[in-house]
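A structural walkthrough
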Amino acid sequence: MTDFSYKPTLTGDLVVLRPLTEEDVPALLPLFEDAEVSRLTGGHASFDEPTLRKWYGSRSDQDDRLDLAVVERATGRVVGEAVLNEWDADNESCSFRIVFVPGATGRGLGTEATRLIVGYGFESLGLYRISLEVYAFNPRARRVYEKAGFTAEGVLRGALLWEGERVDATVMSVLAPEWRATPAP
């Protein structure tokens, strides 16, 4: 039985994923202030600190999603978030997203964090399918997802309007049987 009300701590070699809290907002503010992060995630909205504090402060109360802080083990810094959301209980599936603050990429943190939360989704939550969308101008993220076992399913043409240009999004997923058949790195 899937139970998103329990908020685990997941430990890898490079990162620890733990429940997000309001106290994480100062570390995560750069996510909402950086133009490149906004572009790569397709984020059009802006948020002020009180709104973010309210949002992150409510994550532990959610029983239909899992929001975890990504903490770099070497420094103890919160460097991003990893989320399982859009839970579809009838079909044992959900969506996945991950984002890092500027300067926290390129060191394998995202690959490990992705593998940790996806593994938890299959092994502990009993999910069958985890999916995501990645924009065409974010090949680095796509490589991370592929390394974690995601496969491209199709393209949502012109899914994002960014600065007057239409950008495609690739739908990717990984299924529980594929996950179990893939050896850990």
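Residues numbered from 1 in each chain as written. Predicted model: local features only at pLDDT ≥ 70, side-chain atom pairs only at ≥ 80, totals over all residues. Heavy atoms only, no water.

1. Quick look at the overall build of the chain
Secondary structure summary: the chain contains six helices and eight strands in total. Helices and strands in the chain line up, N terminus first, as β-β-α-α-α-β-β-β-α-β-α-β-β-α. In summary, the chain has a C-alpha radius of gyration of 16 Å against a globular reference of 16 Å for 185 residues, a match within 12%. Each of the three principal axes of the chain carries a C-alpha extent, and together these read 40 × 35 × 35 Å. (Helix = DSSP H or I, 4+ residues; strand = E, 2+ residues; numbered from the N terminus. Rg over C-alpha atoms; globule rule 2.2 N^0.38 Å.)

2. Concerning the pairing of strand β4 (residues 78-88)
The element β4 is largely enclosed, with a buried count of eight among its eleven residues. Pairing analysis gives six bridges linking strand β3 (residues 66-72) to β4, with the strands arranged antiparallel. Counted as the bridge partner of A69 is E81 from β4. With antiparallel pairing between neighbouring strands as the criterion, β3 and β4 make up a hairpin whose turn holds five residues, including G76 at a positive phi of roughly 80°. As paired elements, β4 and strand β5 (residues 93-100) share seven bridges and run antiparallel to each other. Within β5, the position partnered with E81 by the bridge is V99. (Buried < 20%, exposed > 50% of the residue type's maximum accessible area, 1.4 Å probe, protein only. Pairing = 2+ DSSP bridges.)

3. Remarks on the packing of aromatic side chains
Evaluated as defined, the whole model comprises eight aromatic pairs. Put simply, the rings of F32, F47 and Y56 pair up and form one aromatic cluster. Here the guanidinium or amino end of R59 rests over the ring plane of W55, the centre of that ring lying 3.4 Å away. (Phe/Tyr/Trp six-rings, centres within 6.5 Å; stacked < 30°, edge-to-face > 60°. Lys NZ or Arg CZ within 6 Å of the ring centre and 35° of its normal.)

4. A short note on the sheet that holds strand β8 (residues 165-175)
With mixed pairing, eight strands are arranged side by side in an open sheet as β1-β2-β3-β4-β5-β6-β8-β7. The open sheet has two free edges, formed respectively by β1 (10-11) and β7 (151-162), since each of these has just one partner strand. As defined by bridge partners, β5 adjoins strand β6 (residues 129-135) across three bridges and the pair is classed as parallel. Bridge assignment links S93 to a residue of β6, and that residue is R129. Strand contacts of helix α1 (residues 25-33): β4 and β5, with the helix running at about 75° to β4, the strand carrying the most contacts. Where helix α4 (residues 109-123) meets the sheet, its contacts fall on β1, β2 (15-19), β3, β4, β5, β6 and β8, and the angle it forms with β5 comes to roughly 160°. (Contact = heavy atoms within 4.5 Å. Axes fitted to C-alpha atoms, helices over the stretch in contact; angles between N-to-C directions.)

5. Section: the pattern of salt bridges
Summed over all chains, the structure comprises ten salt bridges. In this structure, R53 and E22 form a salt bridge, with 3.8 Å as the shortest nitrogen-oxygen distance. Note that R53 is positioned in helix α3 (residues 49-57) and E22 in the loop between β2 and α1, a separation of 31 residues in sequence. The class for R53 is partly exposed, based on a relative accessible area of 25%. Taking the shortest distance from any N to any O, the salt bridge between R59 and D67 comes out at 3.8 Å. Ionic contacts of the salt-bridge type, sharing partners, join the residues E22, E49 and R53 into one network. (Salt bridge = Lys/Arg side-chain N within 4 Å of Asp/Glu carboxyl O.)

6. A look at the nonpolar core
One broad trend across soluble globular proteins is that nonpolar side chains are buried collectively. By size, the foremost hydrophobic cluster in this structure holds 50 residues, and its most contacted members are L17, L84, F96, I117, I130, Y145 and F150. Contacts of L17, omitting those with residues within four sequence positions, involve P8, T9, L10, L68, A69, V70, A113, L116 and I117. One finds Y135, L160, V167 and A169 within the second-largest nonpolar core, a separate group that totals five residues. (Core = buried A, V, L, I, M, F, W, Y, C linked by side-chain atoms within 4.5 Å.)

7. Brief notes about α4
Two residues of an α-helix separated by three or four positions point the same way, owing to the 3.6 residues in each turn. Compared with an ideal rise of 1.5 Å per residue, which puts 15 residues at 21 Å, α4 spans 21 Å between its outermost C-alpha atoms and is within 8% of the ideal. Along α4, 14 of the 15 residues are buried, which leaves the element largely enclosed by surrounding structure. (Expected span 1.5 Å × (residues − 1).)

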